[in-house]
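Chains, contacts and geometry: an overview
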Amino acid sequence: MSSTLTTWPTLTKRDVIAFQFSSWYPTFSSLSIKSTVVPLADDFKAYLEADGVFVPAGSENLPPSEEVGHDSDGRGGGGGHELALTRRYTFPELDAQIRASIDEYGADATWLLPLSSPLKCTSPADVYLYSNRLISSCTTSARALSLRGVAKTDDDDGVYTYTLELVLRKWFAIDPSREMRAFVRDGVLIGISQRNMNYYEFLNEPETQEKIVSSFVAYWTAQSNQSGLPLLHPADTLDVLLTRDLSRFHIIDFNPYAPRTDPLLFTYDELATLSASATGSSTQTPTPTLRVIDSRAHPTAARNAPEHQHNMAERGGIAAAWMDQVRRGTAGSDSEDEEG
């Protein structure tokens, strides 16, 4: 059976590793946002998987005497959280790397995935809280931190291993109405979906839609003529931010063409049908199908807590409120310890 008639292609571990940021960014950096990749040690993975939410010692921009969240013996306070905080986490080398990136980017670094958040990271603590929040939003942390559930075959003999990494990107305001996700199957661009699930009137204007499709087709034509950048993978999804004039885009991220990646305004069965039609087309570069929220009454408009929240951008107000709550809760734990 042709791969275009199946819902999803088969991905190996090698395929999935190609979607890791450090794998694709060197090739596509000219079309992406300036970024710094920091490899993470196993103890940071243990921190992400630990119960509770807390700030590692030394990561805040505070004098040592003002740090919160740890007792003098190096254990976290807070009554019921005592067991979760038995281990004292501290990452001085990682703190230094993050601070260096923040200095380079003018205190405007941001964690990779809250792309639409206006909240800037100004300390390692901000980055750690973001990463912890990101992992906790997934169904399980193991699901977020491994290749299981994505790679369907193990024919790579263990050569390709996943290394956890932190990606810091220069901050700038992102207009969520210009975020798009493109779907590629068998090397053909088959679909484009609005990424933010809100109604935007201008996206329904024929001229606007023509510009959006043209920007993707121009990019794909350049690739087909081998005058542009190579394909990352014959089947992938591509998250981009369109420029204000909609003529070009910045690549935000790549994701595997797999069930864990949200098809947004498509279903994967619909995408499989589009792929089969594109494969049988006589046109060298078939025109991809564009889908946007076409009314305020659209059933998926402004949906809350999607199933695929781990690859959806969070809004800054939620992130800011959550971080404030964590800080106040940590400080409260210290006060209780002092009173006891």
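Check the entry above for the structure.
These figures come from a predicted structure and were not determined experimentally.

Right, let's talk about the overall build of the protein chain for a bit. If you tally the helices and strands in the protein chain, you get nine helices and eight strands. In the protein chain, buried positions account for 49% of the 340 residues. Considering only residue pairs separated by 6 or more positions, the protein chain has 75% of its internal contacts joining residues 24 or more positions apart. When the accessible surface of the protein chain is split by element, carbon and sulfur atoms take 50% of a total near 16300 Å².

Among the structural elements, Ile 252 can be located in strand E7 (residues 249-256). C-alpha of Ile 252 to C-alpha of Val 240: the two residues are 12 residues apart in sequence and 5.0 Å apart in space.

Moving on to the sheet that holds strand E8 (residues 289-291). Taken together, the five strands give an open sheet; going across it, the order is E7-E6-E4-E5-E8, and neighbouring strands pair in mixed fashion. On the outer flanks of this sheet lie E7 and E8, each paired with one strand and no other. Looking at each pair of strands side by side, their axes are set apart by 20° on average, direction ignored. Where strand E4 (residues 179-185) meets strand E6 (residues 236-242), six bridges bridge the pair, whose relative direction is antiparallel. Along E6, the bridge assignment pairs Ala 182 with Leu 238. The strands that helix H8 (residues 268-279) touches are E4, strand E5 (188-194) and E8; relative to E5, the one it contacts most, it runs at about 145°.

Next up on the list: the pairing of strand E3 (residues 165-170). Of all six residues that make up E3, five are buried, and the element is covered over most of its length. Here five bridges tie strand E1 (residues 35-39) to E3, and the two strands are oriented antiparallel to one another. Bridged to Val 38 within E3 is Leu 166.

Before going further, it helps to spend a moment on the nonpolar core. Membership of the largest hydrophobic core comes to 28 residues, with the highest contact counts inside it found for Trp 24, Met 180, Ile 212, Phe 216, Ile 251 and Phe 254. Listed by contribution, the elements that provide at least two residues to this core are helix H2 (21-28), E4, E5, helix H7 (206-224), E6 and E7. For this core, the leading source of residues is H7, giving five residues. What Phe 254 contacts, discounting residues up to four positions off in sequence, is Phe 19, Trp 24, Phe 28, Leu 232, Asp 236, Thr 237 and Leu 238. Within the second largest apolar cluster, 19 residues are counted, among which are Phe 54, Leu 94, Ile 98 and Leu 164.

Glancing now at the pattern of salt bridges. As enumerated under the stated definition, the model contains seven salt bridges in all. Close ionic contact of Arg 178 with Asp 175 constitutes a salt bridge, the shortest N to O distance being 3.5 Å. In this structure Asp 175 comes out as partly exposed when scored by relative accessible area, which is 30%. One salt bridge in this structure joins Glu 270 and Arg 291, with 2.8 Å as the shortest N-O distance. Pair noted here: Glu 270 is in helix H8 and Arg 291 is in strand E8, with a separation of 21 residues, a long-range link. On the basis of relative accessible area, Glu 270 is assigned to the partly exposed category, the value being 31%. On the accessibility criterion, Arg 291 (27% relative accessible area) is partly exposed.

What follows is about H8. For H8, spanning 12 residues, the distance from its first C-alpha to its last is 16 Å, which sits close to the expected 16 Å at 1.5 Å a residue. When we look at burial in H8, the residues that qualify are Tyr 268, Leu 271, Ala 272, Ser 275 and Ala 278. Taken around the axis of H8, the buried residues stretch over an arc of 125°, which confines them to a single face. Check the buried side of H8 and you find it contacts E4 and E5.

Here we take up helix H4 (residues 92-104). The terminal C-alpha atoms of H4, which comprises 13 residues, lie 18 Å apart, in line with the 18 Å expected from a rise of 1.5 Å per residue. Buried residues of H4: Leu 94, Asp 95, Ile 98, Ser 101 and Ile 102, and no others. Taken down its axis, H4 places every buried residue within 130° of arc, on the same side. Looking at H4, the residues exposed on the side facing more than 90 degrees away from the buried face are Pro 92, Glu 93 and Asp 103.

Moving on, we come to the environment of Tyr 219. Mapping Tyr 219 onto the fold places it in helix H7. The class for Tyr 219 is buried, based on a relative accessible area of 12%. For Tyr 219 and Arg 248, which are 29 residues apart along the polypeptide, the C-alpha to C-alpha distance reads 8.3 Å. Those residues in contact with Tyr 219 that sit more than four places away from it in its chain are Phe 28, Leu 31, Leu 238, Phe 249 and Ile 251.

Attention shifts here to the environment of Thr 243. Among the secondary structure elements, Thr 243 is positioned in the loop between E6 and E7. Its relative accessible area of 9% is what places Thr 243 among the buried residues. Thr 243 sits 64 residues away from Glu 179 along the chain, and the two C-alpha atoms are 9.6 Å apart. Other than its neighbours up to four places away in sequence, Thr 243 contacts Arg 178, Arg 248, Phe 249 and His 250. Within the structure, the side chain of Thr 243 is placed 3.5 Å from the backbone nitrogen of Ser 247, a separation counted as a polar contact.

Rules of the game
Residues numbered from 1 in each chain as written. Predicted model: local features only at pLDDT ≥ 70, side-chain atom pairs only at ≥ 80, totals over all residues. Heavy atoms only, no water. Helix = DSSP H or I, 4+ residues; strand = E, 2+ residues; numbered from the N terminus. Buried < 20%, exposed > 50% of the residue type's maximum accessible area, 1.4 Å probe, protein only. Contact = heavy atoms within 4.5 Å. Areas by Shrake-Rupley, 256 points an atom, 1.4 Å probe, with all protein chains shown as cover. Pairing = 2+ DSSP bridges. Axes fitted to C-alpha atoms, helices over the stretch in contact; angles between N-to-C directions. Core = buried A, V, L, I, M, F, W, Y, C linked by side-chain atoms within 4.5 Å. Salt bridge = Lys/Arg side-chain N within 4 Å of Asp/Glu carboxyl O. Expected span 1.5 Å × (residues − 1). Arc of directions from axis to C-beta. Polar contact = N/O pair within 3.5 Å; in protein donor to acceptor, adjacent residues only side chain to side chain.

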